[in-house]
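# Working through the structure, step by step
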Amino acid sequence: MTAFVPITIYLNHRPMVVASIAGAAKALQQPWPFMDKPSRLEAIRMIEECLAGHCSHQAAFAAFEAAASEQGLLKRKPPSVGLRKFDGVAEDLL
């Protein structure tokens, strides 16, 4: 299956790195703060459709990421010092 840029979600205050459809499916089986939230249920449906070959990997992973973000499970790390410098150079060029 297609691998994605890893994202870290926090379930029960424990980090879980997800970088594939299989990883997203495993994460969705864990207890979430709001198990019946429509975005989580849609992510489950999309992952199942993807595994059955009826949905793209990108769409299914995006649904998972959106559900995790909506529930406050997705934590993004701040950019590294090098990336911030690169961003500054890119802004200067524009």
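Residues numbered from 1 in each chain as written. Predicted model: local features only at pLDDT ≥ 70, side-chain atom pairs only at ≥ 80, totals over all residues. Heavy atoms only, no water.

### With respect to the packing of aromatic side chains
Spelled out, the test is: Stacked, edge-to-face and tilted labels apply to pairs of Phe, Tyr and Trp rings (six-membered ring for Trp) whose centres lie within 6.5 Å, assigned for plane angles under 30 degrees, over 60, and everything in between, in that order. Secondary structure counts use DSSP, requiring at least four H or I residues in a row for a helix and at least two E residues in a row for a strand, with both numbered from the N terminus. Any residue under 20% of the maximum accessible area for its type is buried, any over 50% is exposed, and the rest in between are partly exposed; the area is computed with a 1.4 Å probe on protein chains only. Comment: the charge-over-ring label is applied if NZ (Lys) or CZ (Arg) is within 6 Å of the ring centre and within 35 degrees of the ring normal.
Across all of its chains, the model carries three aromatic pairs by this definition. Aromatic side chains Phe-4 and Phe-61 sit 4.2 Å apart centroid to centroid with 10° between the ring planes, which places their arrangement in the stacked category. Note that Phe-4 is positioned in strand 1 (residues 3-11) and Phe-61 in helix 3 (residues 57-70), a separation of 57 residues in sequence. Judged by relative accessible area, which is 17%, Phe-4 ranks as buried. Taken together, the ring pairs connect Phe-4, Trp-32, Phe-61 and Phe-64 into an aromatic cluster. It is Lys-37 that lies over the ring of Phe-34; its NZ or CZ is 5.2 Å from the centre.

### As for the pairing of strand 2 (residues 14-20)
Worth spelling out the cut-off: Strands pair, by our definition, only if DSSP identifies at least two bridges between them.
Across six bridges, strand 1 lies against strand 2 in antiparallel orientation. By the bridge assignment for strand 2, Leu-11 is matched with Arg-14. Between the antiparallel neighbours strand 1 and strand 2 lie two residues, among them Asn-12 with a positive phi of about 55°.

### Some details on helix 2 (residues 38-51)
This is how the line gets drawn: The span you would expect from a helix comes to 1.5 Å times its residue count less one. The directions from the helix axis to the C-beta atoms are what the arc is built from. Any two residues whose heavy atoms approach within 4.5 Å at even a single point are treated as in contact.
The end-to-end C-alpha distance of helix 2 is 20 Å, a good match for the 20 Å that 14 residues give at a rise of 1.5 Å each. Among the residues making up helix 2, those that are buried are Ser-39, Arg-40, Ala-43, Met-46, Ile-47 and Cys-50. On an axial view of helix 2, the arc spanned by its buried residues comes to 120°, and they lie on one face. Structural note: helix 2 exposes Pro-38 and Glu-48 on the side pointing more than 90 degrees away from its buried face. Here the buried face of helix 2 lies against helix 1 (21-28) and helix 3. Gly-53, located one to two residues past helix 2, shows a positive phi value of around 85°.

### Topic: unusual backbone geometry
Trans peptide bonds make up the majority, and among non-glycine residues the majority have a negative phi. In this model, Asn-12 sits at a positive phi of 55°, which is unusual for a non-glycine residue. Tracing the backbone through its elements, the reader meets Asn-12 in the loop between strand 1 and strand 2. Here the phi dihedral of His-13 falls at roughly 65°; this positive angle occurs in a residue that is not glycine. Tracing the backbone through its elements, the reader meets His-13 in the loop between strand 1 and strand 2. Assessed through its relative accessible area of 79%, His-13 is described here as exposed.

### Here we look at the pattern of salt bridges
Let me state the cut-off plainly: Salt bridge, as applied in this entry: a Lys or Arg side-chain nitrogen positioned within 4 Å of an Asp or Glu carboxyl oxygen.
With the rule as written, the count across this model stands at two salt bridges. Close ionic contact of Lys-37 with Glu-70 constitutes a salt bridge, the shortest N to O distance being 3.8 Å. In this pair, Lys-37 sits in the loop between helix 1 and helix 2 while Glu-70 sits in helix 3, placing the two residues 33 residues apart along the sequence. For Lys-37, a relative accessible area of 27% gives the class partly exposed. In this structure, the salt-bridge partner of Arg-45 is Glu-42, at a minimum N-O distance of 2.7 Å.

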